[in-house]
Amino acid sequence: MPQEYIPGLEGIVAAQTEISLVDGENGRLVYRGYVIADLAEEISFEEVAHLFWYGSLPSRAQLDGLAAQLSSVRTLTPAAMTALDALPTDSDPMDVLRSVLSVQGVLPHLQKPTIEHAIHATAAMPTILAAFHRRRKGLDFVKPRPDLGHAANYLYMLNGEEAAPELVRALNTYLVLLADHGMNASTFTARVIASTDSDLVSCLVGAIGALKGPAHGGAPSAVMDQLEQIGTAENAEHWMREARMRKERFMGFGHRVYRTYDPRARILKAMCQRLNPKFYALASKVEETALAILHEEHPERPQATNVEFYSAGVLQAIGLPKDFFPPTFAVARVAGWSAHVLEQASHNRLIRPQSEYIGPQPRKPVPLAERG
Amino acid sequence: MTEYSPGLEGVVAAQTAISEVDGANGRLIYRGGYLIEDLAPAVSFEEACYLLWNGELPSKAQLDALRQEMAAARTLKGTTRNVITSLDYDTDPMDVLRTAISAQGAAKTLQKPTVAEAIALTAAMPTIVAAAHRRRHKRDLVEPRAELSHAANLLWMMDGQEPAKERVYWLDQYLVLLADHGLNASTFTARVVASTGSDLTSCVVGAIAALKGPAHGGATYAARTMLDSIGSMDNVEKWLAEAHAKHARFPGFGHRVYRTYDPRAKILREMAKTADPKLHQLAAHTEEVALKILHDAHPERPNATNVDFWASVVLTGAGIPKELFTCIFATSRIAGWTAHVLESLADLRIIRPASQWMGPEPGKKPAPLEKR
């Protein structure tokens, strides 16, 4: 008989990785040896992607090479464009991303995941989202520009004009911060799919499906919903105490791994204060109240603010609609997903855990005519 | 934290009443406690679906109601149809299936998985698979017929003519036998995606993505390809001995869980005699020789024939081209995938395992771009 059932596989080591380390005890997130606080506001998303895929930060020539490659595959295939046009304009953007990436990534025959495939998918995601956003607003599609970086292109294609440098920088920092995070549910999904020797796009489409869940990538939208309900800083304490009576969860708090303040949340909080003072005034009051209430209830638990809480304010300041928060998370995390898939594929073993049967013992079926 | 468990082998990741693979005794038990060898001769695929979703075999009235619901959901949405026609004619049918299910399930807002949705997605599978097949041959799509069973509809929509009863029977039996099988990689994928609170479509899309891998759903195709390549009775010994000398694996042999003959393989082997007598003869000789070679090489290993080997012969007899084998597998297993997702909702907990850090010591400082 195998071991005991482990709910949520908590504490079970499902992979060995060199891509990122979530050091919960010390509140550190580490990308291939670099602590996130040292990277976040210093480097571009493209540099992080290079770090993940190739194992090192790029030289100037390598970075230019990667930027040129990304540029060359930002445009959607005709099939992907047709598929995008076929979907209802009121679809959840996560469903659009899942469906259109599934078309964009079609290969002539089954291929092992490569860095080239990773570049292809990473480049296409902002284009898919921007094209869908334009379409649902009845606006013409805006072609990507080869002279703009990844973050700048996303905002340019969404809005049809270049975004302010400050907003491009903010989106870039967000993408860097969210690019990987250990063995979270979507990354694990990607690795399980990779373990069957499936192709990269299959892994990514599965990961998008997992990220869609409110307990994972859906959280920043839920934070925004809750803040909208609370409305004003004065109302925070009253609303939140009542919410607890109804056993409602506070969105954006708690994490299975961090035992201290999430280092990404700290950076995003400072960005919020700068870029979105109105959000910050409400959010910081809500945070303070939430942490106080949670501490009263469970003084033994480390109830820290998580990354979703201040993500919401940063993404709002950048001008993204609320339903674009989860797919923008995917735009960042695709760098990590694809790196994990490449790592899994390089020393693969089929991921096939056991289950514990809790049904009845064997019995005979009753013929159809005799069933009640 | 525990040690790294490659492939999560032996780790119990779920408690389930949907099915039990009792490897030591060579038994497969479906929900309700039915042994597969008792159940398969007694029920149709629709009854097996009802059992997996509801926990009991249906009465005549319940079965009729389910058939009606499935008939109503077999026609694809206009948007899904357009997404399918956006794809190139020669697109891998599994890519068509992954994309079309993603589009068929695209919605405005996130819905919790329900039995009604499981019925709708399951019903749509043969329509999509048949559409992929017809498009590969540049033929017009055939509409489903309400009075035909699930299996009969698949053959009808593929061929555009009424299928012979025997073919329907073989295909239906295959669909019953493959409908669930413990916590295999695709079912596990569906449960991981479900654990984030995501929707049923995302779970199924992820599962299809995992099934696409040759180490999982691709084995039936590989087994048939091996038989094609062996070609004739007098080539069996030579072909297998040469393949073994090159350390090639024999597709259709070996399984991580069964320590005896797979009970599904036993049923399919018997059926293969009538489904395709000529291919059965070649396959039976191939099996005999392969098992002998494997036993001589590793007398300690229980090297039994698995379900993929004999499924490849029965599906051939049912008139399914091998390019569709993995899609037909998905058409069956979706019953189990959706049942597992529905079961997991009762006690939803995010599946987030740990990883072991193998990278450099945290804290190295990034060099500025121009100095790299």
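Just so it is clear, the structure is predicted and the values come from calculations on it, not from any experiment. (Residues numbered from 1 in each chain as written. Chains lettered and ligands numbered in written order. Predicted model: local features only at pLDDT ≥ 70, side-chain atom pairs only at ≥ 80, totals over all residues.)

Q: I'm lost on the overall build of chain B in this one. Help?
A: Secondary structure assignment for chain B yields 16 helices and five strands. Taking 21 Å as the expected radius of gyration for a compact globule of 372 residues, we find that chain B reaches 22 Å, a close match to that expectation. Its C-alpha atoms give chain B principal-axis dimensions of roughly 70 × 55 × 45 Å. The contacts in chain B between residues at least 6 apart in sequence include a share of 76% that link residues at least 24 apart. (Helix = DSSP H or I, 4+ residues; strand = E, 2+ residues; numbered from the N terminus. Rg over C-alpha atoms; globule rule 2.2 N^0.38 Å. Contact = placed C-beta atoms within 7 Å.)

Q: Sorry, what's going on with the overall build of chain A here?
A: From N to C terminus, chain A includes 16 helices and five strands. Expected size for 372 residues packed as a compact globule is a radius of gyration near 21 Å; at 22 Å, chain A falls within 12% of this value. Seen along its three principal axes, the alpha-carbon backbone of chain A occupies a region of about 70 × 60 × 45 Å. Of all 372 residues assigned to chain A, the portion counted as buried reaches 55%. A sequence separation of at least 24 residues applies to 77% of the contacts in chain A between residues at least 6 apart. (Buried ≥ 20, exposed ≤ 12 C-beta atoms within 10 Å, placed from the backbone.)

Q: Explain the sheet that holds strand β4 (residues 34-35) of chain A to me, please; I cannot follow it from the model alone.
A: Residue and element names in this part refer to chain A. Read from one edge of the open sheet, three strands run β2-β3-β4, paired in antiparallel fashion. At either end of the open sheet lies a strand with only one pairing partner, and these are β2 (20-23) and β4. Strand direction decides the pairing type here: β2 and strand β3 (residues 28-31), joined by four bridges, are antiparallel. Across the sheet, the residue bridging to Ser20 is Tyr31, located in β3. (Pairing = 2+ DSSP bridges.)

Q: Sorry, what's going on with the interface of chain A and chain B here?
A: How large an interface is tends to be reported as the accessible area lost when its parts come together. The interface is formed by 95 residues belonging to chain A together with 95 residues belonging to chain B. Of all the elements, helix α10 (residues 200-211) of chain A adds the most residues to the side of chain A that touches chain B, at six residues. Of the residues contributing to the side of chain A that touches chain B, the split by class is 47 nonpolar, 27 polar and 21 charged. With four bridges connecting them, strand β1 (residues 13-17) of chain A and strand β5 (residues 354-357) of chain B associate as parallel partners. (Nonpolar A, V, L, I, M, F, W, Y, C, P; charged D, E, K, R; others polar.)

Q: I'm lost on the sheet that holds strand β2 (residues 19-22) of chain B in this one. Help?
A: What links the strands of a sheet is backbone hydrogen bonding, and the strands pair in either a parallel or an antiparallel sense. Residues and elements named next belong to chain B. Strand order in the open sheet formed by three strands is β2-β3-β4, with antiparallel pairing between adjacent strands. A strand with exactly one partner marks an edge of an open sheet, and here the two such strands are β2 and β4 (34-35). As defined by bridge partners, β2 adjoins strand β3 (residues 27-30) across four bridges and the pair is classed as antiparallel. Looking across to β3, one finds that Ser19 is bridged to Tyr30.

Q: So what exactly am I meant to see when it comes to the nonpolar core here?
A: Among soluble globular proteins, nonpolar side chains are generally buried collectively. Of all hydrophobic cores here, the largest spans 248 residues; its most connected members are A:Ile128, A:Leu204 and B:Val314. If you tally residues by element for this core, the top one is helix α6 (residues 115-136) of chain B, at twelve residues. Setting aside residues up to four positions removed in sequence, A:Leu204 forms contacts with A:Leu101, A:Gly105, A:Ala121, A:Ala190, A:Val334, A:Trp337 and A:Ser338. (Core = buried A, V, L, I, M, F, W, Y, C linked by C-beta atoms within 7 Å.)

Q: Which parts of the structure should I look at to understand helix α7 (residues 150-159) of chain B?
A: Because an α-helix completes one turn every 3.6 residues, residues spaced three or four positions apart along the sequence face the same direction. Residues and elements named next belong to chain B. By the criterion of burial, α7 is predominantly enclosed, with nine of the ten residues buried. Considered for burial, the residues of α7 that qualify are His150, Ala151, Ala152, Asn153, Leu154, Leu155, Trp156, Met157 and Met158. The elements touched by buried residues of α7 are α2 (45-54), α3 (60-73), α6, α8 (165-177) and α16 (325-344). The first or second residue beyond α7 is Gly160, which carries a positive phi of 75 degrees.

Q: Would you mind going over helix α9 (residues 185-194) of chain B with me for this structure?
A: Counted residue by residue, α9(B) has ten buried out of ten residues, so it is predominantly covered. Those residues of α9(B) that are buried are in contact with α9 (185-194) and α10 of chain A together with β1 (12-16), α10 (200-211) and α16 of chain B.

Q: I'm lost on the environment of A:Pro321 in this one. Help?
A: With respect to the secondary-structure elements, A:Pro321 resides in the loop between α15 (307-318) and α16 (325-346). Taking C-alpha positions, A:Pro321 is 9.5 Å from A:His133, a pair spaced 188 residues apart along the chain.

Q: I keep staring at the packing of α7(B) against α8(B) and nothing clicks. Help me out?
A: Describing two packed helices takes the angle between their axes plus the distance from one axis to the other. Residues and elements named next belong to chain B. Close contact between α7 and α8 brings their axes to 8 Å; oriented N to C, the two are set at 120 degrees. Comparing their axes, α8 and α7 come out oblique. Two packed elements cross with a definite hand, and for α7 against α8 that hand is right-handed. Here Ala151, Ala152, Leu154 and Leu155 of α7 come into contact with α8, specifically with Arg167, Val168, Leu171, Asp172 and Leu175. Among the residues forming the contact of α7 with α8, the class breakdown is seven nonpolar, no polar and two charged. (Axes fitted to C-alpha atoms, helices over the stretch in contact; angles between N-to-C directions. Parallel < 35°, antiparallel > 145°, perpendicular 65-115°, else oblique. Left-handed = near helix turned anticlockwise from the far one by under 90°.)

Q: Explain unusual backbone geometry here, please?
A: Working note: non-glycine residues mostly have negative phi, and peptide bonds are mostly trans. All names here are of chain B. Residues other than glycine seldom take positive phi values, yet Leu8 does so here, at roughly 55 degrees. With respect to the helices, strands and loops of the structure, Leu8 is situated in the segment before β1. On the basis of neighbour counts, which here come to 27 C-beta atoms within 10 Å, the residue Leu8 falls in the buried class. Even without being glycine, His247 reaches a positive phi, approximately 60 degrees. Tracing the backbone shows His247 in the loop between α12 (236-245) and α13 (263-275). Judged by local crowding, His247 falls into the exposed class, with 6 C-beta atoms found within 10 Å.

Q: Explain the environment of A:Arg274 here, please?
A: Residue and element names in this part refer to chain A. Note on placement: Arg274 falls in helix α13 (residues 263-275). The exposure class of Arg274 is exposed, given the 12 C-beta atoms found within 10 Å. Sequence spacing of Arg274 and Val314 is 40 residues, and the spatial spacing of their C-alpha atoms is 9.6 Å.

Just geometry here; none of it tells us what the structure is for.
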